[in-house]
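# Structural characterization, general
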There are 4 protein chains.
Amino acid sequence: MKWNIFRLKKLDKDEENKLKKKIFEIIFEANTPYGRLFDLSLLLLIILSVALVILESVPTFNARYHTFLVVSEWLITILFTIEYLLRLYSVQKPLRYVFSFYGIIDLLSILPFYFGIFFPNSKYLSSIRILRLFRILRIFNLTGLTQNRNILLRSLQQSKDRIIVFLSFVILIVVVLGSFMYAIEKNHPESGFTSIPISIYWAVVTMTTVGYGDVAPVTGLGRFLASIIMILGYGIIAVPAGIMSQEIARASKENDHIPTNTDVCRYCGDNYHLDNSIYCKTCGHLLNP
Amino acid sequence: MKWNIFRLKKLDKDEENKLKKKIFEIIFEANTPYGRLFDLSLLLLIILSVALVILESVPTFNARYHTFLVVSEWLITILFTIEYLLRLYSVQKPLRYVFSFYGIIDLLSILPFYFGIFFPNSKYLSSIRILRLFRILRIFNLTGLTQNRNILLRSLQQSKDRIIVFLSFVILIVVVLGSFMYAIEKNHPESGFTSIPISIYWAVVTMTTVGYGDVAPVTGLGRFLASIIMILGYGIIAVPAGIMSQEIARASKENDHIPTNTDVCRYCGDNYHLDNSIYCKTCGHLLNP
Amino acid sequence: MKWNIFRLKKLDKDEENKLKKKIFEIIFEANTPYGRLFDLSLLLLIILSVALVILESVPTFNARYHTFLVVSEWLITILFTIEYLLRLYSVQKPLRYVFSFYGIIDLLSILPFYFGIFFPNSKYLSSIRILRLFRILRIFNLTGLTQNRNILLRSLQQSKDRIIVFLSFVILIVVVLGSFMYAIEKNHPESGFTSIPISIYWAVVTMTTVGYGDVAPVTGLGRFLASIIMILGYGIIAVPAGIMSQEIARASKENDHIPTNTDVCRYCGDNYHLDNSIYCKTCGHLLNP
Amino acid sequence: MKWNIFRLKKLDKDEENKLKKKIFEIIFEANTPYGRLFDLSLLLLIILSVALVILESVPTFNARYHTFLVVSEWLITILFTIEYLLRLYSVQKPLRYVFSFYGIIDLLSILPFYFGIFFPNSKYLSSIRILRLFRILRIFNLTGLTQNRNILLRSLQQSKDRIIVFLSFVILIVVVLGSFMYAIEKNHPESGFTSIPISIYWAVVTMTTVGYGDVAPVTGLGRFLASIIMILGYGIIAVPAGIMSQEIARASKENDHIPTNTDVCRYCGDNYHLDNSIYCKTCGHLLNP
């Protein structure tokens, strides 16, 4: 057994399966002592790593600790890469894992850093790895939070169709309004309406009531049209609020005490199953063989 | 039959009716293969055409591909014009079609471009043709979306009276507040309150919480009044949200499973009828004679 | 009778009462032909008068038509003054009228213009006369609108206590936050935090999500605190929306088909009574003696 | 008895307890004449004191009345300090009081001023003493307001878990979006995206629809991403509104007529007990021994 790290290929099927299972339990699951420890160190490593990326972007900080920042970011990224390869190795259906929600996030957490060798700016994209926290938060056993997360997610899912209708309507309307404002404000370059895409950007900024002011109408007609858009925007911003109010009320009434556990399917890596689940809800394999 | 394109006038009544009916089915309806094909190409043409208008407004793009953009826009507009004339020809009551919702949009989709010969800026208004997508989206048979669109539209319609009351109240209040702020800030031209219309524009920008900052009070009294307006605006922005919440909840409870189909009335061009409709709900003629 | 205009004092009690009653019916009521005509001309006069005030503030317009604007504003204000005196004369309890909601607005509609002789800016305040439209809108018999206005007003009234609690909380919080931001940003005058009142103004602008940007934090700590304030503001802006949603839902359920008429009490000038009212709800006198 | 102020230590146990009880009744309670008087003067003193701090920050005012402002602020702070020491003395469990909500606010009301000797800016933080008004407002016996405050507080408490889920989601998302925008806008310093922390600040300013405009994207890609963020922000801002709507509706339905009184526990200083309470809900001691 002592050489098995160097002769992984030569392990007989059974031994390899045992190893895979052990790695799987540590990396994917959270209900063994090692699994908890792994999740906790991953949690700290992710937060540390995002903090490093953020600090590197601050000029004064970067000037002082540049070498330290670069070295520790490389170290963490290599650790994450090893972790990703181990996940691939221990999952029974690696492709399913690769294209699952968390699989994609895991990959996106390490790719930007390697791309950073060629395109320096891309390394800042690696702060996307903070989304990995979603998976790890389960170790805190916050059933109250989990339930409420489920209510919010279900509300969003239930109102998906309405929100699509609403958003497509918003998109059509900002294209039309943006073009109109461009036609009106085109001859006043100080207004900032220098092209229709920028005018559409202005329409979005206005309809969502953000209102930066970097682009703003200066003509009387433009301001009149803008006022109408804003007052209409009143009604428009009320629509998603109304949709969500209704869905949250509905979701809260429904039985929201569905206990979930931290079991993870060994075949596709899907975590998030109901208590007492025997088969994975995604690929149908036994959860705890 | 081979000459009938050049001697349309000489077709006997019956042949002409057949031709009209065929054109009508292709252009207005979506449940024949040709109708679907027509809708699909119209869909692509509209998106392409709006994309061209948008791209033409971008200086760097326009400088490079000016001729290409102008020629293709002319081509598409001529196609749309032919389509409009065919719609007029095949509908039995052209006037009803002309003044229907979609009839007006169809006309507005081609007019700005021709006006563009005299007033160059007006051609950007032709992006209004993107609203024609509303009609074509039916080919995707998205019943879920259609139902939800109906719920949202019904909610808006039901709350129409309240929204009118609300908006008229908002209009009165911005006129009064705008005048007051003008009286206060008049002597500080750096604040931007240079006339009451601009002050009213400021009041709209503030009450809707857009807040560009191009016009903003600089005196102590002005800022105090503005603070009161904003805090009041808190309550005011809550009103449409409350109205919509209630109406969406009500509309969702009502039976919203009214199936609609893509039949179009041959007399007035009204599409949007319930399944099993025999007569047009707008003009009362048989739908499928 | 021919001298009665010049010897009003000498009219016997009975004749005077008849005259008063006639004037009252024309000016206050809307269900006689003359009353309707009076209301309609008042409506037009108010809109015209506010339009004149607005136009006078526009420099280019004022430069051209200054004399015309000034003369017509004087004429209209004198007409409004005569109307106010006639209202005072024909109402049986003038003091009650003077301190009623509409009595105060009627007075505020003419006062700013006379003050304008001494303080030129104050004449722009006379656009408050647009609020007089509230009373006149009854001539349109828009029962749908009236009902909905009642629902909205009742919702506001019902949620008055909660809104007071909410607003007092907001006021306390903006004072504290404004002071904190001043302490943080004081040494960076380019941020615009030059005194605590201005910082409080900033806190209001931020909490209401208006966000002009004329005052904005520049230090790291200031921006961090501002971010927390904004995210908290998320929850805070949701509170009035929640209150209004609930009240509008409740008010809509209640019987909102209370028909109102346009009778006006001859004693205190209160209009807004239920159908079949015999006594004024404010002063208890007979409505139609 | 005449020397007892100078020989407090020498008072026998019984006399001291009587004195403590008397001080306690005056300072903590509001249902004796002296207690009411104390609360009222404290109310005025707090408002006066915050007004002085605010006025001192206004340069023109401070230049004129500097000495007066400084002297009166010192006087008030010394009075508050004496009051705090008396509270500590008269409460039976001082530590409980020190770490209670109002105990912390009472301490924070005096500390910043003394720190102001070393760090001049810190004295502006003493406007936090305005939060002490929360305790004193009980003297007005505004049961309507108290009930509604309870409904709002209970709604907030009930929706606490959901709001935590929502806020943690918002925090994760602004970190990711901020980093992405930094990577996109990094090479255009005129946009203001000079580091990831500032980009995160921008993401918060945008998602909450505040939109100062001091930091705003200038590249096409940046503006496109910003538009998507804003439209997504539509849905996100609707979530807390939906949560609050539902909770306020639920809290309003529940029995909200729980009368509370102004009794204060002599042991831990907790005020806010139900009528007829015999034991303190926080420490379990008799309320009126």
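Not measured: the values here are computed from a predicted model.

### Here we look at the interface of chain C and chain B
- Every contact between the two is made by 45 residues of chain C and, on the other side, 44 residues of chain B.
- Across the interface of chain C and chain B, roughly 3800 Å² is buried in total on both sides, 74% from carbon and sulfur atoms.
- When the buried surface of chain C facing chain B is broken down by residue, C:N121, C:Y201 and C:Y212 rank first, second and third, together holding 17% of it.
- Our enumeration of links across chain C and chain B arrives at 1 salt bridge.
- Remark: the boundary between chain C and chain B carries 5 residue pairs in polar contact (both at pLDDT 80 or more).
- Listed by contribution, the elements that provide at least two residues to the side of chain C that touches chain B are α2 (33-57), α6 (133-136), α7 (143-158), α8 (160-185), α9 (196-207) and α10 (220-253) of chain C.
- Top element by residues in the side of chain C that touches chain B is α10(C). It accounts for 9 residues.
- Among the residues making up the side of chain C that touches chain B, the classes are represented as 33 nonpolar, 10 polar and 2 charged.

### With respect to the environment of B:I171
Residues and elements named next belong to chain B.
- With respect to the helices and strands, the residue I171 is situated in helix α8 (residues 160-185).
- The class of I171 is partly exposed, set by a relative accessible area of 45%.
- Between the alpha carbons of I171 and N187 there is a distance of 25 Å; along the sequence they are 16 residues apart.

### Describing the environment of C:N121
- Here C:N121 is to be found in the loop between α5 (101-115) and α6.
- Judged by relative accessible area, which is 17%, C:N121 ranks as buried.
- Considering only alpha carbons, one finds C:N121 and C:S227, 106 residues apart in sequence, at a separation of 39 Å.
- Setting aside residues no more than four positions away along its own chain, C:N121 makes contact with B:A183, B:K186 and B:N187.
- Separated by 3.1 Å, the side chain of C:N121 and the backbone oxygen of B:A183 make a polar contact.

### Brief notes about the UniProt feature "transmembrane region" (unreviewed entry) in chain A
All names here are of chain A.
- As recorded in UniProt, the feature "transmembrane region" (unreviewed entry) lies at residues 37-55, 67-86, 98-119, 163-184, 191-212 and 224-243.
- Overall, residues 98-119 shows 73% helix and 0% strand. The separation of its end C-alpha atoms is 24 Å.
- As a span, residues 224-243 carries 100% helix and 0% strand, and end to end its C-alpha atoms are 30 Å apart.

### Structural notes on the relation of the copies chain B and chain A
- Overlaying chain B on chain A yields an RMSD of 0.0 Å, the required transformation being a rotation through 90° with an accompanying axial translation of 0.0 Å. On the angle and the small slide along the axis, the relation comes out as a four-fold axis.

### Description of the pattern of salt bridges
- According to the stated counting rule, one finds 24 salt bridges over all chains in the structure shown.
- Here C:R87 makes a salt bridge to C:E83, at a shortest N to O gap of 2.6 Å. One end of the pair, C:R87, and the other, C:E83, are both in helix α3 (residues 59-90), 4 residues apart, so they sit about a helical turn from each other.
- The salt bridge involving D:K123 is made with D:E56; its shortest N-O contact spans 2.7 Å. Highlighted residues: D:K123 in the loop between α5 (101-115) and α6 (133-136) and D:E56 in helix α2 (residues 33-56), separated in sequence by 67 residues.
- The class for D:E56 is buried, based on a relative accessible area of 4%.
- When salt bridges with common partners are traced through the structure, they connect A:E83, A:R87, A:D106 and A:R132 into a single cluster.

### Quick notes on the packing of α8(B) against helix α9 (residues 196-207) of chain B
Residue and element names in this part refer to chain B.
- At a closest axis distance of 8 Å, the pairing of α8 and α9 adopts a crossing angle of 120°. When the interaxial angle is binned, α8 and α9 end up oblique. When the axes of α8 and α9 are compared, the crossing they make is right-handed. Packed against α8, whose contacting residues are I173, V174, V175, L177, G178, S179, M181 and Y182, the element α9 presents I196, S199, I200, W202, A203, V204 and M207 at the interface.

### Examining the domain arrangement of chain A
- Assigned domains of chain A: these are domain 1 (13-147) and domain 2 (150-253).
- Here the C-alpha centroids of domain 1 of chain A and domain 2 of chain A sit 37 Å apart.

### Remarks on the packing of aromatic side chains
- Throughout the structure, instances matching the rule amount to 36 aromatic pairs over all chains.
- Arranged with centres 5.7 Å apart and planes meeting at 85°, the rings of A:F28 and A:Y97 form a pair that is edge-to-face. Here A:F28, found in the loop between α1 (13-27) and α2 (33-56), pairs with A:Y97, found in helix α4 (residues 94-98); they are 69 residues apart in sequence, far enough to count as distant.
- Judged by relative accessible area, A:F28 falls into the buried class, the value being 1%.
- With a centroid separation of 5.9 Å and 40° between ring planes, the pair formed by D:Y84 and D:Y97 is classed as tilted. A residue pair is termed long-range when its members are at least 10 positions apart, and D:Y84 in helix α3 (residues 59-90) and D:Y97 in helix α4 (residues 94-98) qualify at 13 residues. The pair D:Y84 / D:Y97 is uniform in exposure class, with both members buried.

### Regarding a nonpolar patch on the surface
- A contiguous nonpolar patch, built from A:L111, A:F115, A:I117, A:F118 and A:F119 and spanning about 550 Å² of accessible area, is present on the exposed surface.
- Taking the relative accessible area as the measure of exposure, A:F115 reaches 43% and is therefore partly exposed.

### Here's the deal with the interface of chain B and chain A
- Contact residues are listed per partner, giving 45 residues for chain B and 45 residues for chain A.
- For the pair chain B and chain A, the two sides together bury roughly 3800 Å², of which 74% comes from carbon and sulfur.
- It is B:N121, B:Y201 and B:Y212 that lose the most area in chain B upon contact with chain A, and together they represent 17% of the buried surface on that side.
- Taken together, the connections running from chain B to chain A amount to 1 salt bridge.
- Ionic pairing is found between B:D214 and A:R223, a salt bridge with its closest N-O pair at 3.7 Å.
- For the pair chain B and chain A, the interface holds 6 residue pairs in polar contact (both at pLDDT 80 or more).
- Counting residues per element, the ones that place at least two in the side of chain B that touches chain A are α2 (33-57), α6 (133-136), α7 (143-158), α8, α9 and α10 (220-253) of chain B.
- Broken down by element, the side of chain B that touches chain A gets its largest block of residues, 9 residues, from α10(B).

Reading the values: the criteria
Residues numbered from 1 in each chain as written. Chains lettered and ligands numbered in written order. Predicted model: local features only at pLDDT ≥ 70, side-chain atom pairs only at ≥ 80, totals over all residues. Heavy atoms only, no water. Contact = heavy atoms within 4.5 Å. Buried area = accessible area lost by both parts, 1.4 Å probe. Salt bridge = Lys/Arg side-chain N within 4 Å of Asp/Glu carboxyl O. Polar contact = N/O pair within 3.5 Å; in protein donor to acceptor, adjacent residues only side chain to side chain. Helix = DSSP H or I, 4+ residues; strand = E, 2+ residues; numbered from the N terminus. Nonpolar A, V, L, I, M, F, W, Y, C, P; charged D, E, K, R; others polar. Buried < 20%, exposed > 50% of the residue type's maximum accessible area, 1.4 Å probe, protein only. UniProt positions renumbered as here; feature names shortened; annotations may be inferred. Least-squares fit on C-alpha atoms with pLDDT ≥ 70 in both. Axes fitted to C-alpha atoms, helices over the stretch in contact; angles between N-to-C directions. Parallel < 35°, antiparallel > 145°, perpendicular 65-115°, else oblique. Left-handed = near helix turned anticlockwise from the far one by under 90°. Domains from an automatic or database assignment. Phe/Tyr/Trp six-rings, centres within 6.5 Å; stacked < 30°, edge-to-face > 60°. Patch = residues over 30% accessible without salt bridge, like charges linked within 9 Å, V, L, I, M, F, W, Y side chains within 5 Å. Areas by Shrake-Rupley, 256 points an atom, 1.4 Å probe, with all protein chains shown as cover.

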